[in-house]
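Below, each chain spelled out in residue letters.
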Amino acid sequence: MLTEKLRPQLDRRSFLRKSGLAAGGAASIAALAPFSSLAQEGQNAPRGIPQDNRQAATATPSLSRQFARWVFGLRYEDLPPAVVDRAKGVTLQALTSALLGSQLPAGQEAVRLMLEEEAGIRGGATIMVNGAKVTKGGAAFANSEMMLAGAKYDTFRMLTHPGTSIVPSALVAAEIQSASGKEFITGLAAGYEVMERMAADFIPTVMARGFHAGPVFGIFGAAVAAAKIMRFTENQITDTIGLCVNLAGGNLESAALREGAAARNAMLAVLLAKQGHPGGETALEGRAGFYHAYAGNNRGQLTYSFVGDMQTSMAKIAANLGKEWIFLETLYRIYSIAGYNIAHIDVTAKLCEEHNIRYEDVDRVEAVVNWLETQYPSPAFPTRREDIGEAKPGSTRYYSAYGVVKRGFPLLLTGADPPEVLDLMKRVTIIPSHDMPLFAPRITIFTKDGKSYTKQATGREFIWDSSEEARRIREVIPGLPVSARRFEEIIATCLGLEQQERADRVIQLTLKENASAALGHLAGA
């Protein structure tokens, strides 16, 4: 009995020697190379402790266990139609961003790095657009970095962009597992739901401690999505989550690595868990666990809050899993700007349309906003104040003025700023409030004839179905490295993802159209 209990606790030196990590260390660029063949097709049987032999140490299952149990049992048929639709939409958004980012320096740097270190590896995964095979972690990293560079990604409650870590890891898992579209959607939904529940109330507090909430929480969503798609057992998923606690990171002062590193580390956690490496049952809520380390305590006490309540419940994190979907709060950040600014454009534009207000008519504009939106990234150490100082291009006042002048904002930036925008932004006032919902400004336009017009945003202006996402995202077509015809194929494939025998078809569709081998693969799939 004692032997069985001790067996998972591998000696560190023994583990490093057996895993092949000793020579380079887990943090090295080639850290995942030794793991490139661990998740081949057909290797689904767990090598760790049998699922029905391990239980939580307490009467109440640990937070990791509750998540793992739900994820393991989740089926495509359990997903509400709105969840399926959102999964398809965020996939399209992420792929579009990767296409754009593949042409930008940050995206190209990531691809170049992976090609120099890992190109030609056997049993790896595909870098989008480029088509090269690298390690699974390397592909997740490069694809994530392209998505970040493209700046067309989703947003959850400010400062987190789930798709930039979850979608790349889910695509890697789908490719190596030959997973169907339904399996991919199910894994994606599970990853988003776990990540966003973990992050929901804690984002401002984690940011105030110097961590970037995006990668800190993103690794969990990425790993859970991949683990589900790779058909992990409940125990393996529990271990995956625990291992992510060791690999989570992201610092505001450095600002050097974000979701790309989270996606890469997520694949390391997944592949370790597949080998049977333990993760720690109470790694999230334990006395020295994730929440103690990143939020300062494991009791739900908050430093800052979106809504003013400085206490949340740890039990709330996993409550009503599968019944209440926080995933549906995910916004499409269609403009390449800070998420808290997107509503200022559309709400101000709509107000002008409703009352036929022209730039020439406007005396001034006021916007009452959630106070956290005025002190980016955190009130603890703001680097950008939106409510004071001089209005500048890229500020909230700039985007409010843009909504008045142009009644919209371009998805692809070209040319100089309109002089009317630069003039009007000086007459926009931002008023912080502790009572305003997140991403829901109250806009008031004062006209030169002494009248005023007000519109209250709902915070849901950028929540829409996948068909609307497809309609709006098409504006980027002139800036893509693929033809309009190919992009329409990508749209159609994403919108019909549940019908795909292989979800990784979307990866192949991002490749350049002269890649005949890739197209031949598609024809035979």
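Keep in mind the model is a prediction, meaning the values are calculated, not measured. (Residues numbered from 1 in each chain as written. Predicted model: local features only at pLDDT ≥ 70, side-chain atom pairs only at ≥ 80, totals over all residues. Heavy atoms only, no water.)

Caption draft 1: Here's a closer look at the overall build of the protein. Of regular secondary structure, the protein possesses 20 helices and 10 strands. Considering only intrachain contacts with a sequence separation of at least 6, the fraction spanning at least 24 residues in the protein is 76%. (Helix = DSSP H or I, 4+ residues; strand = E, 2+ residues; numbered from the N terminus. Contact = heavy atoms within 4.5 Å.)

Caption draft 2: Broad picture of the layout of surface pockets. In this model, the second largest pocket occupies a volume close to 420 Å³. Every residue lining the second largest pocket is counted, 22 residues in all, and those nearest its centre are R157, F306, V307, E329 and L438. (1 Å grid on protein atoms, 1.4 Å probe; cavity = no way out; pocket = protein on both sides within 12 Å on 5 of 7 lines; lining within 4 Å. Points joined across faces, edges and corners; volume = space filled by probe spheres on them.)

Caption draft 3: Quick peek at the pattern of salt bridges. One pass over the structure, following the stated rule, counts 24 salt bridges. In this structure, R65 engages E234 in a salt bridge whose closest nitrogen and oxygen atoms are separated by 2.7 Å. You can see R65 sitting in helix α3 (residues 63-73) and its partner E234 sitting in helix α11 (residues 234-247), a full 169 residues away along the chain. Across this residue pair, the class does not change: R65 and E234 are buried. Here R474 makes a salt bridge to E488, at a shortest N to O gap of 2.8 Å. In this pair, R474 sits in the loop between α17 (466-473) and α18 (484-495) while E488 sits in helix α18, placing the two residues 14 residues apart along the sequence. By relative accessible area, which is 30% here, E488 ends up partly exposed. (Salt bridge = Lys/Arg side-chain N within 4 Å of Asp/Glu carboxyl O. Buried < 20%, exposed > 50% of the residue type's maximum accessible area, 1.4 Å probe, protein only.)

Caption draft 4: Representation of the packing of helix α6 (residues 136-150) against helix α7 (residues 163-177) within the structure. Two numbers describe how α6 lies on α7: the axes approach to 8 Å, and their chain directions differ by 140 degrees. Viewed along their axes, α6 and α7 adopt a mutual orientation that is oblique. Handedness of the crossing formed by α6 with α7: right-handed. Each of K136, A139, A140, N143, S144, M147 and L148 in α6 lies in contact with α7, whose residues at this interface are G163, T164, V167, P168, S169, V172 and I176. Of the residues in the contact of α6 with α7, the class split is eight nonpolar, five polar and one charged. (Axes fitted to C-alpha atoms, helices over the stretch in contact; angles between N-to-C directions. Parallel < 35°, antiparallel > 145°, perpendicular 65-115°, else oblique. Left-handed = near helix turned anticlockwise from the far one by under 90°. Nonpolar A, V, L, I, M, F, W, Y, C, P; charged D, E, K, R; others polar.)

Caption draft 5: Representation of the packing of helix α4 (residues 81-101) against helix α8 (residues 181-199). Relative orientation of the contacting elements α4 and α8 amounts to 90 degrees, with a least axis distance of 9 Å. In terms of orientation, α4 lies roughly perpendicular with respect to α8. Between α4 and α8, the residues in contact are V83, V84, A87, K88, V90 and T91 and F184, I185, L188, A189 and Y192, respectively. Its residues assigned to classes, the contact of α4 with α8 shows nine nonpolar, one polar and one charged.

Caption draft 6: Here's a closer look at the environment of E513. Tracing the sequence through the fold places E513 in the loop between α19 (505-509) and α20 (516-524). Sequence separation between E513 and P481 is 32 residues, and the spatial gap between their C-alpha atoms is 9.5 Å.

Caption draft 7: Representation of the nonpolar core in the model. Judged by nonpolar contacts, the single largest core of 166 residues is most densely connected at F67, F217, F220, L284, F290 and Y291. Ranked by the residues each element gives to this core, the list is headed by helix α10 (residues 213-229), at 12 residues. (Core = buried A, V, L, I, M, F, W, Y, C linked by side-chain atoms within 4.5 Å.)

Caption draft 8: Inspection of the sheet that holds strand β9 (residues 442-447) at higher detail. The strand order across the open sheet formed by four strands is β8-β5-β9-β10, and the pairing between neighbours is mixed. Every other strand in the sheet has two partners, leaving β8 (428-433) and β10 (452-456) as the edge strands with one partner each. Along the sheet, successive strands turn relative to each other by an average axial angle of 15 degrees, direction set aside. Sheet analysis places strand β5 (residues 362-370) next to β8, joined by six bridges and oriented parallel. Along β8, the bridge assignment pairs V368 with I431. (Pairing = 2+ DSSP bridges.)

Caption draft 9: Seen up close, the packing of aromatic side chains. Scanning all chains against the criterion turns up 18 aromatic pairs. Pairing F220 with F290 gives two aromatic rings, centres 5.0 Å apart and planes at 75 degrees, and the pair type is edge-to-face. You can see F220 sitting in helix α10 and its partner F290 sitting in helix α13 (residues 290-295), a full 70 residues away along the chain. Their ring planes at 5 degrees and their centres at 5.6 Å tell us that Y332 and W464 sit as a pair that is stacked. Of this pair, Y332 sits in strand β4 (residues 331-332) while W464 sits in the loop between β10 and α17, and the two are 132 residues apart along the sequence. Aromatic ring contacts, followed pair by pair, group Y332, Y335, Y398, Y399, Y402, F409, F462 and W464 into a single cluster. Lying across the ring of Y376, R384 places its NZ or CZ 4.6 Å from the centre. (Phe/Tyr/Trp six-rings, centres within 6.5 Å; stacked < 30°, edge-to-face > 60°. Lys NZ or Arg CZ within 6 Å of the ring centre and 35° of its normal.)

Caption draft 10: Region of interest: empty space enclosed by the protein. If you walk through the whole model with that rule in mind, you get three cavities of 30 Å³ or more. Size it by volume and the second largest cavity reaches roughly 50 Å³. Taken together, M158, L159, P204, F306, L372, Q375, P377, S378 and P379 make up the full set of residues lining the second largest cavity. Considering only residue class, the lining of the second largest cavity consists of seven nonpolar, two polar and no charged.

Caption draft 11: Representation of the side chain of T396 in the model. Position of T396 relative to the elements: it lies in helix α15 (residues 396-406). Exposure remark for T396: the relative accessible area of 2% places this residue in the buried category. What T396 contacts, discounting residues up to four positions off in sequence, is Y340, N341, H344, E386 and I430.

Caption draft 12: Region of the structure containing the side chain of D85. Tracing the chain through its elements places D85 in helix α4. Within the buried core, D85 has no salt-bridge partner, and the shortest N-O distance to an opposite charge, that of K88, equals 5.0 Å. Here the side chain of D85 touches S466 through a polar contact of 2.6 Å, side chain to side chain. Apart from residues lying up to four places away in sequence, D85 is in contact with D465 and S466. (Lys, Arg positive; Asp, Glu negative; His and termini not counted. Polar contact = N/O pair within 3.5 Å; in protein donor to acceptor, adjacent residues only side chain to side chain.)

Caption draft 13: View of the environment of R209. By secondary structure assignment, the location of R209 is in the loop between α9 (203-208) and α10. With a relative accessible area of 42%, R209 lands in the partly exposed category. Spatially, the C-alpha atom of R209 lies 9.2 Å from that of S378, the residues being 169 residues apart in sequence. Non-local contacts of R209, meaning those with residues more than four positions away in its chain, are made with H292, A293, Y294, A295, G296 and F381. Looking at R209, its side chain comes within polar contact range of the main-chain oxygen of Y294, at 3.2 Å.

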